[in-house]
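Below are the chains, spelled out letter by letter.
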Amino acid sequence: MDLITPLELASLDPVGQGAQKLVFRHPDDPRVLVKVINPRFIERHDRRDAFYKKRRRIGHNRAFAREMIEHLVVRALHPGRLASCPHIQNILGVVDTDMGAALLVEAVLDEHGDLAPTLRDLVETKRYGRREQEALETFLDWALTSTVLINDLSADNLAWHPDGHFVMIDGLGDRAGIPIRAVSPWLNRLYKRKKIRQLREEIARLRNDG
Ligand SMILES: Nc1ncnc2c1ncn2[C@@H]1O[C@H](COP(=O)(O)OP(=O)(O)OP(=O)(O)O)[C@@H](O)[C@H]1O
Ligand SMILES: [Mg+2]
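Residues numbered from 1 in each chain as written. Chains lettered and ligands numbered in written order. Predicted model: local features only at pLDDT ≥ 70, side-chain atom pairs only at ≥ 80, totals over all residues. Heavy atoms only, no water.

J.: Looking at this structure, how should I read the overall build of the protein chain?
T.: If you tally the helices and strands in the protein chain, you get 6 helices and 7 strands. In the protein chain, the succession of α and β elements from N to C terminus is β-β-β-α-α-α-β-β-α-α-β-β-α. For 210 residues, the compact-globule formula gives about 17 Å, and the C-alpha radius of gyration of the protein chain, at 17 Å, lands near that figure. C-alpha atoms of the protein chain, sized along the principal axes, occupy 45 × 45 × 40 Å. When each of the 210 residues of the protein chain is scored for burial, the buried share is 45%. Summed over its atoms, the accessible surface of the protein chain is roughly 12300 Å², and 53% of this surface lies on carbon and sulfur atoms. For the protein chain, the centre of its 33 positive side-chain charges and the centre of its 30 negative side-chain charges are spaced 9 Å apart. (Helix = DSSP H or I, 4+ residues; strand = E, 2+ residues; numbered from the N terminus. Rg over C-alpha atoms; globule rule 2.2 N^0.38 Å. Buried < 20%, exposed > 50% of the residue type's maximum accessible area, 1.4 Å probe, protein only. Areas by Shrake-Rupley, 256 points an atom, 1.4 Å probe, with all protein chains shown as cover. Lys, Arg positive; Asp, Glu negative; His and termini not counted. Charge placed at Lys NZ, Arg CZ, Asp CG, Glu CD.)

J.: Where do I start with unusual backbone geometry in this structure?
T.: Among all residues save glycine, negative phi is the norm, and among peptide bonds the norm is trans. Of note in the backbone geometry, Lys126 takes a positive phi value of approximately 60° without being a glycine. Along the polypeptide, Lys126 turns up in the loop between helix 4 (119-124) and helix 5 (130-145).

J.: Honestly, the nonpolar core in this entry has me stumped. Any pointers?
T.: One broad rule of soluble globular proteins: the nonpolar side chains tend to lie buried together. Formed by 27 residues in total, the largest nonpolar core has its most connected members in Leu119, Leu136, Phe139, Leu153, Leu158, Phe166 and Leu199. Of all the secondary structure elements, the ones that give two or more residues to this core are helix 4, helix 5, strand 6 (158-161), strand 7 (165-168) and helix 6 (185-209). In terms of residue count, the dominant contributor to this core is helix 5 (7 residues). Lining this core are residues from two domains, each supplying at least three of them: domain 1 (1-107) and domain 2 (109-210). When neighbours within four sequence positions are excluded, Phe166 is seen to be in contact with Pro86, His87, Leu119, Leu122, Glu132, Ala135, Leu136, Phe139, Leu158, Ala159 and Trp160. (Core = buried A, V, L, I, M, F, W, Y, C linked by side-chain atoms within 4.5 Å. Domains from an automatic or database assignment. Contact = heavy atoms within 4.5 Å.)

J.: Where do I start with the domain arrangement of the protein chain in this structure?
T.: Accessible area lost upon the coming together of the parts serves often as the stated size of an interface. Here the domain parsing of the protein chain yields domain 1 (1-107) and domain 2 (109-210). For domain 1 versus domain 2, the distance between C-alpha centres works out to 19 Å. Contact with domain 1, which involves 21 residues of that partner, is made by 23 residues of domain 2. Together, the buried faces of domain 1 and domain 2 total about 1800 Å²; carbon and sulfur atoms form 55% of this surface. For the domain 1 face of the interface with domain 2, the top three residues by lost area are Arg66, Glu70 and His87, together amounting to 35%. At the junction of domain 1 with domain 2, the criterion picks out 1 salt bridge. For the salt bridge of Asp170 with Lys21, the shortest nitrogen-to-oxygen distance reads 2.8 Å. Taken together, the connections running from domain 1 to domain 2 amount to 12 residue pairs in polar contact (both at pLDDT 80 or more). Of all elements in the fold, only strand 2 (21-26), strand 3 (29-37) and helix 3 (62-77) reach the threshold of two or more residues within the side of domain 1 that touches domain 2. (Buried area = accessible area lost by both parts, 1.4 Å probe. Salt bridge = Lys/Arg side-chain N within 4 Å of Asp/Glu carboxyl O. Polar contact = N/O pair within 3.5 Å; in protein donor to acceptor, adjacent residues only side chain to side chain.)

J.: Looking at this structure, I do not really get the packing of helix 5 against helix 6. What am I missing?
T.: Packed helix pairs are specified by the crossing angle of their axes together with the interaxial distance, meaning the distance between the axes. Between helix 5 and helix 6, whose axes approach to 9 Å, the crossing angle comes to 160°. By the angle between their axes, helix 5 is roughly antiparallel relative to helix 6. The two elements helix 5 and helix 6 meet at a crossing, and its hand is right-handed. Residue-level contacts link Gln133, Leu136, Glu137, Leu140, Ala143, Leu144 and Thr145 of helix 5 to Arg189, Lys192, Arg193, Ile196, Leu199, Arg200, Ile203 and Arg207 of helix 6. Of the residues assigned to the contact of helix 5 with helix 6, the class counts are 7 nonpolar, 2 polar and 6 charged. (Axes fitted to C-alpha atoms, helices over the stretch in contact; angles between N-to-C directions. Parallel < 35°, antiparallel > 145°, perpendicular 65-115°, else oblique. Left-handed = near helix turned anticlockwise from the far one by under 90°. Nonpolar A, V, L, I, M, F, W, Y, C, P; charged D, E, K, R; others polar.)

So, in structure tokens, the structure goes:
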């Protein structure tokens, strides 16, 4: 595989999309996803917030930095281990693409090799049963007790691994200007408790809507 030539993504269809990013399958390896900041998001954001464009050294790549730092935090908790924790998406690196810098991540795939369903998908299609609920509790126990920082614990940021566990694929790190939770385990836990409460409310809402 050529690791240096920039990847061509612009002519491909994204396989996933959130509010901020476009997600593509790696053209050479379907087990890998390539995440870029959606150019439309950048345009809209920069128009609204000139500060971002002019002053921020890191600009929109901040979204990648947040995820990478937490990934490295979790790795530091288990030095010497090959794979990082099963509960967060594995980050493989940063690469150049024709849509700007991109994060290479390991895809969570279902048993057919398609992108795994998110927790939201499971609830909406009535596949959120006892096994999935127990796995979510295991994930939430880990999320609360680990030192990891979380900012967006929504149902579409958790992917269901066919082995029977949830993987956080987005939403790590701290979005606050002054990242105080990184130095206060107490505040970090308090905030994560709130996020867990909100996730439970979201699941209840999705179930009622269905
Ligand atoms: N590692 C992964 N494995 C499987 N699917 C993934 C993975 N990463 C992302 N996806 C899919 O792509 C979608 C969008 O990815 P991601 O959440 O990273 O984008 P985003 O724009 O930052 O989302 P948000 O709207 O939460 O800000 C996810 O909801 C999921 O369906
Ligand atoms: Mg997301």
